[in-house]
Amino acid sequence: MSDITRRDFIKIVNRILAGTGVGILVAPVIAYFYPASLQETPAEPIRVGKVEELPENEARVIKYGRYPTIVLNTPQGLRAYSAVCTHFACIVKWNKEIGQFACPCHAGFYDPLDGHVISGPPPRPLTSFPVKIVEGVIYVGEKT
Ligand code: FES
């Protein structure tokens, strides 16, 4: 086995640092083309609350799986979407003033009725979940 000289050691360290630097530069590019998909679906429906507790044009955030989900009462009925932005997985919020879901990270906007992208960089609509009312109580998800 040969001894490693100081020059060899410096070369090895430089190669490691160069490889790490390339990784730091390449990771955002990979994340852009293969955006976040983080949602898990729980086995049981999640109780949101009583219907009268969610007035029209109001939203409530619940935990559905590991991530937050927004339940919105629209004039066309209840909707539930993953709050995880399909761009880089920031958490979107309901913006009542403009009537859209807004992502604070890169100005992505989503439609409240079907979750499609209105503007900004998100590549896909928000993930939607089934909503149902049972005896005056709102539930998100289906029994599997
Ligand atoms: S993470 Fe939402 S627009 Fe970029």
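Up top is the structure.
The structure reproduced in this document is the subject of the present report.

So, how was this worked out
Residues numbered from 1 in each chain as written. Predicted model: local features only at pLDDT ≥ 70, side-chain atom pairs only at ≥ 80, totals over all residues. Heavy atoms only, no water. Pairing = 2+ DSSP bridges. Helix = DSSP H or I, 4+ residues; strand = E, 2+ residues; numbered from the N terminus. Core = buried A, V, L, I, M, F, W, Y, C linked by side-chain atoms within 4.5 Å. Buried < 20%, exposed > 50% of the residue type's maximum accessible area, 1.4 Å probe, protein only. Contact = heavy atoms within 4.5 Å. Axes fitted to C-alpha atoms, helices over the stretch in contact; angles between N-to-C directions. Salt bridge = Lys/Arg side-chain N within 4 Å of Asp/Glu carboxyl O. Phe/Tyr/Trp six-rings, centres within 6.5 Å; stacked < 30°, edge-to-face > 60°. Disulfide = S-S within 2.5 Å.

## Some thoughts on the sheet that holds strand E3 (residues 67–74)
Next, step 1: The sheet built from four strands is open, its strands ordered E2-E3-E4-E9 with antiparallel pairing. Sheet topology places strand E2 (59–64) and strand E9 (128–129) at the edges, where each strand pairs with a single neighbour.
Next, step 2: Two strands pair when backbone bridges link them, and E2 and E3 are joined in this way by six bridges, in the antiparallel orientation. If you follow Val61 over to E3, its bridge partner there is Ile70.

## Regarding the nonpolar core
The nonpolar side chains of a soluble globular protein tend to be buried, and buried together.
Next, step 1: Core analysis: the largest hydrophobic core is formed by twelve residues, namely Ile70, Leu72, Tyr81, Ala83, Cys85, Cys90, Val92, Trp94, Phe101, Cys103, Tyr110 and Leu126.
Next, step 2: Looking at this core, the elements that each hand over two or more residues are E3 and strand E6 (100–103).
Next, step 3: Excluding anything up to four places from it in sequence, Leu72 contacts Asn57, Glu58, Ala59, Gly77, Leu78, Arg79, Trp94, Phe101 and Pro112.
Next, step 4: One finds Val48, Val71, Phe129 and Ile138 within the second-largest nonpolar core, a separate group that totals ten residues.

## Concerning the sheet that holds strand E1 (residues 46–50)
Next, step 1: Spatially, three strands are ordered E1-E11-E10 in an open sheet, and the strand pairing comes out antiparallel. Here the strands that pair on one side only, and so sit at the sheet edges, are E1 and strand E10 (131–134). Direction aside, neighbouring strands of the sheet carry axes that sit 30 degrees apart on average.
Next, step 2: As paired strands, E10 and strand E11 (residues 137–140) are joined by four bridges and run antiparallel to one another. Bridge pairing in E11 places Val134 opposite Val137.

## A short note on the pattern of salt bridges
Next, step 1: Counting across every chain of the model gives two salt bridges.
Next, step 2: Note that Arg60 and Glu53 form a salt bridge whose closest N and O atoms lie 3.8 Å from each other.
Next, step 3: You can call Arg60 partly exposed: its relative accessible area is 28%.
Next, step 4: The partner of Lys96 in a salt bridge is Glu58, with the nearest N and O atoms 2.5 Å apart. You can see Lys96 sitting in the loop between strand E5 (93–95) and E6 and its partner Glu58 sitting in the loop between E1 and E2, a full 38 residues away along the chain.
Next, step 5: Of the residues examined, Lys96 reaches a relative accessible area of 39% and is grouped as partly exposed.
Next, step 6: When its relative accessible area of 28% is taken as the criterion, Glu58 is described as partly exposed.

## Brief notes about the packing of aromatic side chains
Centre-to-centre distance and the angle between the planes together describe a pair of aromatic rings.
Next, step 1: Following the criterion strictly, the structure yields three aromatic pairs and no others.
Next, step 2: Aromatic side chains Tyr81 and Phe101 sit 5.4 Å apart centroid to centroid with 70 degrees between the ring planes, which places their arrangement in the edge-to-face category. With Tyr81 in strand E4 (residues 77–82) and Phe101 in strand E6, this residue pair connects regions lying 20 residues apart in the sequence. For the pair Tyr81 and Phe101, a shared accessibility class is recorded, and that class is buried.
Next, step 3: Put simply, the rings of Tyr81, Trp94 and Phe101 touch in pairs and so form one group of aromatic residues.

## A closer look at the state of the cysteines
Next, step 1: Counting across every chain of the model gives one disulfide.
Next, step 2: Disulfide pairing is shown between Cys90 and Cys105; the S-S distance is 1.8 Å. The sign of the -95 degrees torsion about the S-S bond sets the Cys90-Cys105 disulfide as left-handed. Of this pair, Cys90 sits in the loop between E4 and E5 while Cys105 sits in the loop between E6 and strand E7 (108–110), and the two are 15 residues apart along the sequence.
Next, step 3: The class of Cys90 is buried, set by a relative accessible area of 17%.

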